[in-house]
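Summary of structural features
Each chain, letter by letter, is given below.
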Amino acid sequence: MDKLPHVYPTVVHMLAAAAKQAPQREALVCQGERLTYAEYLRCVAGFAHELLGLGTSGRRVGIVLGNSIDICIAMFGVHAARAQAAPFNPLYTEHELRILFRDADLHVLIYAQDKRGMIEALADELAIAHRICIGNGAGGGRLNVWRDAAGLDLPQPLPAPADLATLQYTGGTTGRSKGVDLRHHAVAVNLSQREALLPARQDCERLLCVMPLFHVYAVAMCLHNMAYARGTLVMLPRYTPEAVFEALAQERITIFAGSPTLFSSLLNHQDFGHAVFTGLHLSYSGSAALPEDLLRRWEAATGVPVMEGYGQTEAGPVVSFNPLDSVRKLGSVGLPLPGTEVEIVDLESGRRPLDTGKKGEIRVRGPQLMAGYRNLPEETDQTLRDGWLYTGDIGELDGDGYLYIRDRKKEMAKVSGFNVFPREIEEVLYLHPGVGEAAAVAVPDAYRGEVITAFVAPRPGHPVTAEQLTEHCKSHLAKYKVPAQIFLVAALPKTGVGKIDKNRLRETRRAITDAVDESSGT
Ligand code: AMP
């Protein structure tokens, strides 16, 4: 492998090093509460001792918390107690959590007070031995109690690189959610791999994290990234555009870790014109496809580059990024990280590597890959083959080795025998000034096999009709790619991590068809 920036044995070692080298630097900020690195480490150490007292070592600890100082302490504390951290979306319903908790076989559950009734009932039902309720009260969360304790050290021994670090449930935008087992070494090496292409400046960054910390993107690009760089992680417990504008100005933010949905929501907000971006020098984008038009609009308005990368939970998570100190290609998710092989293979057998410029499934090999899916040996064998991770994404490489994501394999449509990537149609829709957000999905069609249906949320103040958008598509796309229907909606549905929820769009489309069939008596 190419020489990497320092690789820590585990992220706990990394946090300990940050606290030693920069004890007084501000580490965490949330809702006016602030922790230095020395305080951060003491809180993590104190919580880890408490967990060890519950016999957690080698077991799984569930974390159901929103963005807060508590979730940071909880994640590192669980690792420091040599247990596996299993974060869950706090907005999940009882039904969704029951399935995941059962799968995770939790020994301890850490949750926020406002979920007490539901979580305690579930924990009783599933016989989860220990529960830790975190208050929402003023003056800091429950996990902050150790901040001023003298001489509180991390429990020894620290976790080992081969230990399981995280059990991360996938977002389930297509199909059911699966538990991804990640080892400490995979997580730690992936941080260094990303640093090699997209380093954060040491000892001075202030990163704004709005993305949820129960998801790999925010864990890798915000929580761990800032501890690696000894920077400050500024969190918002709840996303509102107003809170982002305020934090950007008041907290002297230098990096904004965004996603396509966030960029679009901020750009479309009435106060965007007054937002202050003076301290900002970089934005990240990941977790979903960033339409080129959105990227250009964000860059023109803020004056700072958006660095787009690509990853998935199963890949530890980062696979590629546009490099900071050489060519950045718009529309591309950049170069494979050092030590990471990316190949494009044929869709049928998955064994035949394709040439530059040819579209196929992206497969990835490298030290950051998951150990496997929990309790799903068959899915693990299908996804990890001969050391390669089959991502289920379709992409292509250019002559310089830059990767382009075309779509999810499952999203691809076959219209009259031609392959159509809904993402291409979305890119075209975004070129229209009346489009705030757009999504395209494949739907069955008796005559052409499948056709494309698009959903568009118009941009405020830019009235547009479906007919105008169809004309716009006709002037940019071959006939078979033009959406058969375009529906205008107030807003597009989102998953818990802010990705456009295509399953729900397909359901909406089915409901519309059923209603039409019923009214016409077919
Ligand atoms: P998750 O495991 O929730 O992080 O989801 C990973 C999936 O998100 C990938 O397999 C891709 O389908 C999608 N994704 C992540 N980053 C990008 C990107 N930059 N462009 C397009 N799709 C992306």
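Refer to the structure above for everything that follows.
Residues numbered from 1 in each chain as written. Predicted model: local features only at pLDDT ≥ 70, side-chain atom pairs only at ≥ 80, totals over all residues. Heavy atoms only, no water.

What follows is about the overall build of the protein chain. For the protein chain, the helix and strand inventory stands at 14 helices and 26 strands. Within the protein chain, the proportion of its 522 residues that are buried is 57%. Across the protein chain, every contact between residues at least 6 apart in sequence was considered, and the portion connecting residues at least 24 apart equals 67%. Counting only carbon and sulfur atoms, one obtains 51% of the accessible surface of the protein chain, whose full area is about 20900 Å². The average position of the 54 basic charges and that of the 60 acidic charges among the side chains of the protein chain differ by 2 Å. (Helix = DSSP H or I, 4+ residues; strand = E, 2+ residues; numbered from the N terminus. Buried < 20%, exposed > 50% of the residue type's maximum accessible area, 1.4 Å probe, protein only. Contact = heavy atoms within 4.5 Å. Areas by Shrake-Rupley, 256 points an atom, 1.4 Å probe, with all protein chains shown as cover. Lys, Arg positive; Asp, Glu negative; His and termini not counted. Charge placed at Lys NZ, Arg CZ, Asp CG, Glu CD.)

Take the sheet that holds strand β10 (residues 232-235) next. The nine strands are arranged β2-β1-β10-β9-β11-β12-β13-β14-β15 in an open sheet whose pairing can be described as mixed. Looking at which strands have only one partner, the edges of the open sheet turn out to be β2 (33-36) and β15 (335-336). (Pairing = 2+ DSSP bridges.)

Mapped onto the elements, F76 comes out in helix α3 (residues 69-80). Residue F76 is classed as buried on the basis of its relative accessible area of 1%. Setting aside anything within four residues of it in sequence, one finds F76 in contact with V11, V12, M14, L15, Y40, V44, L223, H224 and A227.

A word on α3. Spanning twelve residues, α3 covers 16 Å between terminal C-alpha atoms, matching the ideal 16 Å at 1.5 Å per step. By the criterion of burial, α3 is predominantly enclosed, with twelve of the twelve residues buried. Three or more residues of α3 are buried, namely I69, D70, I71, C72, I73, A74, M75, F76, G77, V78, H79 and A80. Of the residues one or two after α3, R82 is the one with positive phi, at around 60 degrees. (Expected span 1.5 Å × (residues − 1).)

Here we come to the site of the ligand. By nearness alone, 16 residues border the ligand, and G309, Q312, T313, D393 and K499 come closest of all. At 2.8 Å, a backbone N or O of G309 approaches a nitrogen atom of the ligand. Side-chain polar atom of Q312 to an oxygen atom of the ligand: 2.8 Å apart, as the coordinates give it. In isolation the ligand exposes 500 Å². Once the protein is present, 90% of that is buried. Listed by contribution, the elements that provide at least two residues to the shell around the ligand are β13 (306-311) and β21 (403-408). No other element matches β13, which puts four residues into the shell around the ligand. (Near = heavy atom within 4 Å. Polar contact = N/O pair within 3.5 Å; in protein donor to acceptor, adjacent residues only side chain to side chain.)

Here the focus is the environment of Y217. With respect to the helices, strands and loops of the structure, Y217 is situated in helix α7 (residues 216-229). The sequence separation of Y217 and G286 amounts to 69 residues, and the corresponding C-alpha distance is 7.3 Å. In contact with Y217, other than residues within four places in its own chain, are M211, C222, A257, G258, Y284, S285, G286 and S287.

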